[in-house]
Structures are given as C-alpha cells and as structure tokens.
Amino acid sequence: MFPADMPDDRDVDLIVVGAGPAGMAAATVAAEAGAKVILLDEQGLAGGQIYRDVERVAEVRGDLLGPDYVAGRELTKRLATPGLTHIRNAAVWMVELGYRVTYSVGQTSYLVQAPHLILASGAIERPMPLPGWTLPGVMTAGAAQILIKQSGLALKRSVLVGSGPLLYLVASQLTRAGTPPIALLETQTRSDFLVSLRHVVGALRDWRYLVKG
Amino acid sequence: MKIDSRFLELTPSKGVEFDFDGQTVCAPDGANLAAALLAAGVSSLRWNAVSGSPRGAYCLMGACFECLVKIDGVSVRACQQTVKAGMLVTRLNHPQGGEHVSS
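Remember, it's a predicted structure, so these values are computed and weren't measured experimentally. (Residues numbered from 1 in each chain as written. Chains lettered and ligands numbered in written order. Predicted model: local features only at pLDDT ≥ 70, side-chain atom pairs only at ≥ 80, totals over all residues. Heavy atoms only, no water.)

Enquirer: Please clarify how the overall build of chain A should be interpreted in this entry.
Expert: Summing up its helical and strand segments, chain A has nine helices and ten strands in all. The proportion of buried residues among the 213 residues of chain A is 39%. For chain A, the proportion of contacts with a sequence separation of at least 24, taken over those separated by at least 6, is 55%. When the accessible surface of chain A is totalled, it reaches about 11,900 Å², and 59% of it is carbon and sulfur. Counting 20 positive and 19 negative side-chain charges, chain A places the averaged centre of each group 8 Å from the other. (Helix = DSSP H or I, 4+ residues; strand = E, 2+ residues; numbered from the N terminus. Buried < 20%, exposed > 50% of the residue type's maximum accessible area, 1.4 Å probe, protein only. Contact = heavy atoms within 4.5 Å. Areas by Shrake-Rupley, 256 points an atom, 1.4 Å probe, with all protein chains shown as cover. Lys, Arg positive; Asp, Glu negative; His and termini not counted. Charge placed at Lys NZ, Arg CZ, Asp CG, Glu CD.)

Below you can see the structure in the form of structure tokens.
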C-alpha cells in the first residue's frame, strides 16, 4: 500500500529516516540538489529530540531554551523545499535491500522504495542501571528535557544523577524555569577526570564547543 | 483526591477531557499523553507482566516502551500519542487499588 499523498513512490531517489538535525539537513541538501526525497519521522513535528517541536515551541519558550534551540527553525523551514516530502508520525519497522522501507502511520503500513537510504534515527543516552532505576518518576535527562521543550513541564525538586553536558544543560534550564534541582550528583570520579586531562589540548583546539558547554 | 504535581507547568492550560482507568483527566488539547498524565499526578503507567512492579515514562522519545498503555483497546506508547477528547486510556496489568488521578 502507498500513502495517498505520494504521486509515485517508486520514483523516489532518497529515503531519510529521522527528522532531527542530521536527517533534516541530509533531506534538504539532497532535495535542493534536485533529488526526490521522502523524509520519514516518528514525531508529529520535525526537529528530533534536539529541536523537539521547535516550530511550535520556539515562540512560547525560546527564551528559556536558548538560541541554540531556536536556531532549529532554520532547518525546519527548509523542509518546504520542492521535491521533499515529510511524512509525520511514521514508525519505520523494516528495511530490505533495494531499499524497500516499511513504516506505519497509526494502524496502517506503507512501503516506499529508493536506491539510496540515510538512517538518521538519533541516539538515546546510556542509562546507568542501579537499584530503583525502573521506579516510576525516574527518567533520563533527555526525558526531563523533552518535558520542558514539548510540554512546558519542569521537574520540581529533582535530583540529577550522572555525568556529561546534557545533565548540566537540564540543570541550568530547570533553574531558569524557576525550579532548580535539589542536587546534581556528578558520577565522574577523580581518576576519570585525570585520565581525560590528556585530551585537554585537543579540546582547546575546538574552544567554541567548550564555551558552548 | 488531589495529588501535588511533581511538575511546574510553564504555560498552564486545560482543554479536553479523556478517560483514564475510569477517571476523568483534563489536559491541553493536543498535549502529549505521557506528559499529560505526569502533569495530572500519575506516574505509574503500567505494571510489569512478570514481576508486577510499576513502570512509568522513562525516555519519552519512543525508545524504551516503558509507558505502554491501551488507547481504545490498542497497545501504544503513551509518549508517542496526542491527547484527544473522549479517548479511553487504560493501564496494563493494573493491580487493585491503583493510583488516583487529579485533574
């Protein structure tokens, strides 16, 4: 079965899976170069997790989420490029040689085919299992941020546990939202820190990223 | 029974009502279902079929399947669903005396 809004699905040059920053950029660049592109995404609005719902949310909470988030609108705008079809709420569940890509929207499945396929399905942070990690109310830092971005819900009296820049970003956004975490438990040990010191010179070479962090 | 929300609502609004395990929950029209339930004070969205332990929304990006619920009889991830007026949401493996919902 083919989606009704596709005139001829067999005549597609490229299928991109995932409408986050990478998928949107790949689909747009290809379409601007004249390729016929199908962009499949599981969410209702483009943006992935980084730019989650940015088209709708940038105006409402752009100040809280910061200029790096709002900048995502530049990418979502370009999805209107002719030749690019963005299919929303599409869960891709099979890829076969060809490439034949099967996906579902609601309870209906569809098949599209193209000689080129780009998987930009994104990432999830690596959780740190410890007793109690499946208790309701425990969630990933990404989940806490998705709640702020998409739904305007900021965790009250949270404890953030782990390491890495996302945790600090969530802490600063919760603080800006007026509900700072009770504690941020950094799990990086002193020896982790010492081991990573040898990368300092390399890190300084890309100082813009450091400043952003 | 009113439960203190564990969330600060940055732009509070209520619009539509839906049925959640026999109770009425009020949420903004078009809200994310998992988020709407969290805002309503529900944290347990299902009970593990083997151990019976409660589970809640964990990744909110469709990857972990911990927020599986039934909408009008079909199993779906709550975090991938949009609230619609009158929808019927039930929890899987609900034990006796589950959580109460505030709205």
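Enquirer: What should I look at first to understand the overall build of chain B in this one?
Expert: What chain B contains, in helices and strands, is one helix and eight strands. The order of helices and strands in chain B, counted from the N terminus, is β-β-β-α-β-β-β-β-β. Classification of the 103 residues of chain B by burial places 49% in the buried group. Sequence separation of 24 or more characterises 50% of the internal contacts of chain B that already satisfy a separation of 6 or more. Within the structure as shown, chain B displays about 4,700 Å² of accessible surface, and the carbon and sulfur contribution to it stands at 51%.

Enquirer: Explanation requested: the sheet that holds strand β3 (residues 23-27) of chain B in the structure shown.
Expert: Pairing between the strands of a sheet comes from backbone hydrogen bonds, and it takes one of two forms, parallel or antiparallel. All names here are of chain B. A sheet is described by the order of its strands in space; here five strands give the open sequence β3-β2-β8-β6-β7, paired in mixed fashion. Both edges of this open sheet fall to β3 and β7 (74-77), since each of them pairs with a single strand only. Mean inter-strand twist for the sheet, computed between neighbouring axes without regard to direction, equals 40 degrees. In this sheet, strand β8 (residues 88-90) lies alongside strand β2 (residues 16-20) in parallel orientation, the contact comprising two bridges. Among the inter-strand pairings, Phe20 is bridged to a residue of β8, identified as Val89. (Pairing = 2+ DSSP bridges. Axes fitted to C-alpha atoms, helices over the stretch in contact; angles between N-to-C directions.)

Enquirer: Sorry if this is basic, but what is going on with the interface of chain A and chain B here?
Expert: Size of an interface: often given as the accessible area lost when the parts come together. Each partner contributes to the interface: chain A provides 33 residues, whereas chain B provides 27 residues. When chain A packs against chain B, close to 2,400 Å² is buried across both sides, 61% of that on carbon and sulfur atoms. Of all residues in chain A, the largest losses of buried area upon contact with chain B belong to A:Pro136, A:Leu153 and A:Lys156, amounting jointly to 23% of the total for that side. Among the elements of the structure, α2 (54-65), α5 (141-151) and β8 (153-155) of chain A are those that each provide at least two residues to the side of chain A that touches chain B. Ranked by the residues each element gives to the side of chain A that touches chain B, the list is headed by α5(A), at six residues. Pairing of β8(A) with strand β1 (residues 7-9) of chain B involves three bridges; the strand directions are antiparallel. Opposite A:Leu155, over in β1(B), you have B:Phe7 as the bridge partner. (Buried area = accessible area lost by both parts, 1.4 Å probe.)

Enquirer: What am I meant to see in α5(A) here?
Expert: Structurally, the α-helix is built with 3.6 residues per turn, so residues lying three or four positions apart point the same way. Most of α5(A) sits inside the fold, with ten of its eleven residues counted as buried. Burial in α5(A) covers these residues: A:Ala141, A:Gly142, A:Ala143, A:Ala144, A:Gln145, A:Ile146, A:Leu147, A:Ile148, A:Lys149 and A:Gln150. Packed against the buried residues of α5(A) are α2, α3 (67-70), β8 and α6 (165-176) of chain A together with β1 and α1 (33-39) of chain B. Count one or two residues on from α5(A) and you reach A:Gly152, which has phi positive near 65 degrees.

Enquirer: Would you take a moment to explain the packing of aromatic side chains for this structure?
Expert: In this description, a pair of aromatic rings is defined by centroid distance and the angle of the planes. Evaluation of the coordinates by the stated rule reveals two aromatic pairs over all chains. For the pair A:Trp133 and B:Tyr58, a centre-to-centre distance of 5.8 Å together with 90 degrees between the ring planes defines the contact as edge-to-face. One end of the pair, A:Trp133, is in the loop between β7 (116-119) and α5; the other, B:Tyr58, is in the loop between β5 (54-55) and β6 (68-71), on a second chain. Residue classification places B:Tyr58 among the buried positions, given a relative accessible area of 13%. (Phe/Tyr/Trp six-rings, centres within 6.5 Å; stacked < 30°, edge-to-face > 60°.)

Enquirer: Help me out: how do you make sense of the environment of A:Gly164 in this one?
Expert: Relative to the elements of secondary structure, A:Gly164 occurs in the loop between β9 (159-162) and α6. Here the alpha-carbon distance between A:Gly164 and A:Thr134, two residues 30 residues apart in the chain, equals 21 Å.

Enquirer: Teacher, can you tell me more about the pattern of salt bridges here?
Expert: Charged atoms that come close allow side chains of opposite charge to pair. Evaluation of the coordinates by the stated rule reveals nine salt bridges over all chains. A:Arg56 is paired through a salt bridge with A:Asp53; the nearest N and O atoms lie 2.8 Å apart. Residue classification places A:Asp53 among the buried positions, given a relative accessible area of 6%. A salt bridge links B:Glu66 to B:Arg46; the nearest nitrogen and oxygen atoms lie 2.3 Å apart. Residue B:Glu66 is located in the loop between β5 and β6, and its partner B:Arg46 is located in strand β4 (residues 46-47); the two are separated by 20 residues in the primary sequence. Neither residue differs from the other here; B:Glu66 and B:Arg46 are each classed as buried. One salt-bridge network, held together by shared partners, links B:Arg46, B:Arg55 and B:Glu66. (Salt bridge = Lys/Arg side-chain N within 4 Å of Asp/Glu carboxyl O.)

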